[in-house]
Amino acid sequence: MAKLSSINKNERRKKLVKKYADKYAKLKAISKDTSLDESERLVARLKMAELPRNGNPTRVRNRCATTGRPRGYYRKFGINRIELRNLGNKGLIPGLTKSSW
């Protein structure tokens, strides 16, 4: 089980990302648009720098839904490899079978 403070920190980051998503997307589009003047693009990048760091989507970490473990995360299931194996062996994940050869 991950530290509760780490899980809570990640949840706060998710809220900030959601809050600033529209503003971040608009500024990023302006800064990447090569048809605009260089000074306008610079202003957009400076405004992006003023946004909170935790408002950036890349700072959100994928964590296991059951344990909060950040490593070995499977996006398809939303859990880590250890929980996937445990739940799969118990037959709690539909369509997942244990292979043997």
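Residues numbered from 1 in each chain as written. Predicted model: local features only at pLDDT ≥ 70, side-chain atom pairs only at ≥ 80, totals over all residues. Heavy atoms only, no water.

Asks: How do you make sense of the pattern of salt bridges when you look at a structure like this?
Replies: A side chain with one charge can pair with a side chain of the opposite charge if their charged atoms come near. Tallied over the full model, the rule gives three salt bridges. Between Lys14 and Glu11 there is a salt bridge, with its nearest N and O atoms 3.5 Å apart. Here Glu11 and Lys14 lie together in helix H1 (residues 4–32), a separation of three residues that amounts to about one turn. Judged by its relative accessible area of 37%, Glu11 falls in the partly exposed class. In this structure, Glu38 engages Arg45 in a salt bridge whose closest nitrogen and oxygen atoms are separated by 3.5 Å. For Glu38, a relative accessible area of 47% puts it in the partly exposed group. (Salt bridge = Lys/Arg side-chain N within 4 Å of Asp/Glu carboxyl O. Helix = DSSP H or I, 4+ residues; strand = E, 2+ residues; numbered from the N terminus. Buried < 20%, exposed > 50% of the residue type's maximum accessible area, 1.4 Å probe, protein only.)

Asks: How should I be thinking about helix H2 (residues 38–50) in this particular structure?
Replies: Each α-helix winds once per 3.6 residues, and so residues spaced three or four apart point in a common direction. In a regular helix each residue adds 1.5 Å, so 13 residues correspond to 18 Å; H2 covers 19 Å between its end C-alpha atoms and thus fits that length. Those residues of H2 that fall on the buried side of the exposure criterion are Arg41, Ala44 and Met48. Buried residues along H2 cover an arc of 60 degrees about the axis, so they all sit on one side. In H2, those exposed residues whose orientation departs by more than 90 degrees from the buried face are Leu46, Ala49 and Glu50. (Expected span 1.5 Å × (residues − 1). Arc of directions from axis to C-beta.)

Asks: Sorry, what's going on with the layout of surface pockets here?
Replies: Here the idea is plain: a probe the size of a water molecule rolls over the atoms and shows the empty space left. The volume enclosed by the largest pocket comes to roughly 190 Å³. Every residue lining the largest pocket is listed: Leu84, Arg85, Gly88, Asn89, Leu96, Thr97, Lys98 and Ser99. For the lining of the largest pocket, a count of residues per class yields two nonpolar, four polar and two charged. Counted as a void, the second largest pocket has a volume near 160 Å³. Every residue lining the second largest pocket is counted, 14 residues in all, and those nearest its centre are Glu11, Lys14, Arg63, Cys64 and Ala65. In terms of residue count, the dominant contributor to the lining of the second largest pocket is H1 (four residues). Counted by class, the lining of the second largest pocket contains five nonpolar, five polar and four charged residues. (1 Å grid on protein atoms, 1.4 Å probe; cavity = no way out; pocket = protein on both sides within 12 Å on 5 of 7 lines; lining within 4 Å. Points joined across faces, edges and corners; volume = space filled by probe spheres on them. Nonpolar A, V, L, I, M, F, W, Y, C, P; charged D, E, K, R; others polar.)

Asks: Which parts of the structure should I look at to understand the environment of Ser6?
Replies: Note that Ser6 resides in helix H1. The class of Ser6 is partly exposed, set by a relative accessible area of 23%. Separated by 64 residues in sequence, Ser6 and Pro70 have C-alpha atoms that sit 9.7 Å apart.

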